Structure formats: structure tokens, C-alpha cells
Amino acid sequence: MSANTTLVLSDTAVLQKICGANDRNIAHMEELFAAPVKVRGNELHLDSAGTEEQERFRHLLAELVQCVRGGHNPEPGLIGALYRQLSGDDQTSPELFRLNSVDLPLSKTRVFPRTGGQVAVLESLRENSLTFLIGPAGTGKTYLAVAHALQELLSKRRRKLVITRPVVEAGENLGFLPGDLAQKINPYLRPLYDAIESLISPDLVRRLYEQNLIEVAPLAYMRGRSLKDCYVILDEAQNTTPEQMKMFLTRLGENSRAVVTGDITQVDLPRKQASGLAHAAGILAGLEDIRVVHLTRKDVVRSALVQRIVQAYDEHA
């Protein structure tokens, strides 16, 4: 027999934010608890199958109330992260999910970590001048790095955001590409533009590009530069050679912060060519002001399908 849990929230504004736009958070909670969640006035009702789920629901609501009172609007990703923690699937403190959010000035966007691994990522980005983010596809490496970089840029703690990646074909020979140099390399850099455009408004994106506050360029363009007071992201770094990686890391100037992301299971370099990402992470790990964060399939947040795909490939290897 199912039991009914009723929670009363005196502040209807808090309740509305917990429910989310068009009750999307309610729908997500129903999916997580596999039970109906009903809203009547300022009350939330959960029809659960047992006391354990009821208690978990109460704790989840308490965390979401703290989140709203801290100025954040909950979203399904945060709710899922808190649910996994309360279910024992993630040992990260619920408070850390709330405290490690990224707020973007001039934008209503707030980015929450969704796994313990992502909490570690954001902690490292704040505390270290150089962070290596290594993990499978879908773990949010580039997205979190770009979000934190935009926060630093828009808060005027960094003068400029520079994002780069090696121009390496993913196991295909594309042959001749039409257009000028910018048009030829644009497809390789498109994922970086997508990350930026998903976080801030088109008008703000345009202004930042026009003022040369954001630069997206292939890795070859980094040689000979001195990047001072910049936030620098090297994406798809598994496709750098050790020589290219050293070249990039030695570009970093005073008051700069760098993030290097990559998946060492998806190297597109010619056979027998060593990856600069694995090489650098091995020799630099443990140095002061440098941290290597390893993400796993448990940190995949792109979709449940991608998580299962990554798991299947790991088990087959």
C-alpha cells in the first residue's frame, strides 16, 4: 500500500521555483521517485511506496529550498545530482552541489555540477592556475571549463578568453575544403562556439567577439605568443603531440589560468604517435598550482544512452 507524503512550504515563490517552468522539475522528480508528485496550493504531495523514499523526498526538498534561498533556480540536472547523493550513488555532500555553481554576470545562466567528479572540476578551476580535465565524452569537460572562463571574463578577473584546439581529423581524410583559412578550420572549432553560445545571449556573444575579448583559434596559432591575464582553454588535447603540449603550456603568462581537456581513449593522432595530454598529465601531476582531474563514466551527464555506450566500450576493452 502506498503512503502519501505532504510537505508544506510557506513561501509560495520558493515553491514555484522548485516546481520549475511548466512544472518540469516536478516531472523530473516523478521520474526519479517513480511516483506521482502533486502540487496543491503551497503543498507538495508524494505518493511513495515506502518510508525510505518519503525520507529521501523530504531531504531533497530541504536541499532545493536552500538552493532557492541562496539565489539559484533549481534545474533537473541539479535535482538528479542531489537525488543520486541521497540515494548513496554519489558520496559528495549535497551542499557542495549548491556551493559550486557557476553564475554568469550579464546572464541569467547558472551552471550546477551534476556529479561528484564535476564538483571536483569546479573546485580545481577556482583553486589552480592549470587544470587537466581527462575523461570520456559527455562528462562536461569543455562545458564546465567554458562556463568558468566566461564567469572570470565577465567578472573582469581576466582580460581575455582564448580557446584553442588542434586541427586533427577524426580518423577520416576530408581532403580539400573550400573557402579561406577561417572557413576551412571553422568546422573543427564549431563545438567551442556551441559551448559559448549555449551559455550567454547572442547579443553578448557578438559584443565579446567584436571587442576581441573572446578568441577561438587552432593550436598552431599559439606558437610564439605570450598570453598574459588570460583564461586559456585547450580542448581535445589528446590530439596534441608532446611537443605541441609543451609549446602551449609555455605560452601562459602572468595572471593567466589554463584548462586542458581531453579523452585519452579517443586519440586521432597517427599510430605510434604519443599523446601530449597523457604525457603532460604524467609529468606535471603533483606540482604546485596544477591539478589533474580524472572523470569516469559515472560523470557522464550528456544522456543515459551515452553513459551506457561508454560503459559498454570500457567493459569491452
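Please refer to the structure higher up on the page.
Small disclaimer: the values here were computed from a predicted structure and weren't measured. (Residues numbered from 1 in each chain as written. Predicted model: local features only at pLDDT ≥ 70, side-chain atom pairs only at ≥ 80, totals over all residues. Heavy atoms only, no water.)

**Student:** Help me out: how do you make sense of the sheet that holds strand β11 (residues 290–294) in this one?
**Tutor:** Pairing between sheet strands relies on hydrogen bonds along the backbone, with the strands arranged either parallel or antiparallel. What the six strands build is an open sheet, ordered β8-β7-β9-β10-β6-β11; its pairing is parallel. At either end of the open sheet lies a strand with only one pairing partner, and these are β8 (214–218) and β11. Neighbour-to-neighbour, the strand axes of this sheet turn through a mean angle of 15 degrees, independent of strand direction. Note that strand β7 (residues 160–165) and β8 share five bridges and pair parallel. In the strand pairing of β8, Thr164 is matched with Ala217. On the sheet, helix α11 (residues 276–284) packs against β6 (130–134), β10 (257–262) and β11 and is oriented at approximately 130 degrees with respect to β6. (Pairing = 2+ DSSP bridges. Helix = DSSP H or I, 4+ residues; strand = E, 2+ residues; numbered from the N terminus. Axes fitted to C-alpha atoms, helices over the stretch in contact; angles between N-to-C directions. Contact = heavy atoms within 4.5 Å.)

**Student:** I keep staring at the packing of helix α6 (residues 116–127) against helix α7 (residues 141–154) and nothing clicks. Help me out?
**Tutor:** Helix-helix packing is characterised by the crossing angle of the two axes and by the distance between the axes. Between α6 and α7, whose axes approach to 11 Å, the crossing angle comes to 35 degrees. The hand of the α6/α7 crossing is right-handed. In this structure, α6 uses Gln118, Val121, Leu122, Leu125 and Arg126 to contact α7, whose residues at the interface are Leu144, Ala145 and His148. For the contact of α6 with α7, the residue count by class is five nonpolar, two polar and one charged. (Left-handed = near helix turned anticlockwise from the far one by under 90°. Nonpolar A, V, L, I, M, F, W, Y, C, P; charged D, E, K, R; others polar.)

**Student:** Is there a simple way to explain the pairing of β10 in this structure?
**Tutor:** Working note: regular strand, side chains alternate between the two faces of the sheet. Counting buried positions along β10 yields six of six residues, so the element is predominantly enclosed. Of the two faces of β10, both are covered, the one formed by Arg257, Val259 and Thr261 as well as the one formed by Ala258, Val260 and Gly262. Strand direction decides the pairing type here: β6 and β10, joined by five bridges, are parallel. By the bridge assignment for β10, Leu133 is matched with Thr261. Strand direction decides the pairing type here: strand β9 (residues 230–234) and β10, joined by four bridges, are parallel. (Buried < 20%, exposed > 50% of the residue type's maximum accessible area, 1.4 Å probe, protein only.)

**Student:** What's the story with the side chain of Asp263 in this structure? I'm lost.
**Tutor:** Structurally, Asp263 can be placed in the loop between β10 and α11. Buried within the structure, Asp263 lacks any salt-bridge partner; Lys141 is the closest side chain of opposite charge, at an N-O distance of 5.6 Å. (Lys, Arg positive; Asp, Glu negative; His and termini not counted. Salt bridge = Lys/Arg side-chain N within 4 Å of Asp/Glu carboxyl O.)

**Student:** Help me out: how do you make sense of the packing of aromatic side chains in this one?
**Tutor:** Pairs of aromatic rings are described using the distance from one ring centre to the other and the angle between the two planes. Summed over all chains, the structure comprises three aromatic pairs. Between the aromatic rings of Phe33 and Tyr83, the centroid separation amounts to 5.1 Å while the plane-to-plane angle is 80 degrees, which identifies the pairing as edge-to-face. One end of the pair, Phe33, is in helix α2 (residues 24–33); the other, Tyr83, is in helix α4 (residues 76–86), and 50 residues separate them in sequence. Across the pair, exposure class does not vary: Phe33 and Tyr83 are buried alike. Centroid distance Tyr193 to Tyr209: 6.0 Å. Interplanar angle 55 degrees. Geometry classified as tilted. In this pair, Tyr193 is assigned in helix α8 (residues 181–197) and Tyr209 in helix α9 (residues 202–210), connecting sequence segments 16 residues apart. Tyr193 sits in the buried class, given a relative accessible area of 17%. Linked through ring pairs, Phe33, Phe57 and Tyr83 together constitute an aromatic cluster. (Phe/Tyr/Trp six-rings, centres within 6.5 Å; stacked < 30°, edge-to-face > 60°.)

What is shown is where atoms sit, not what they do.
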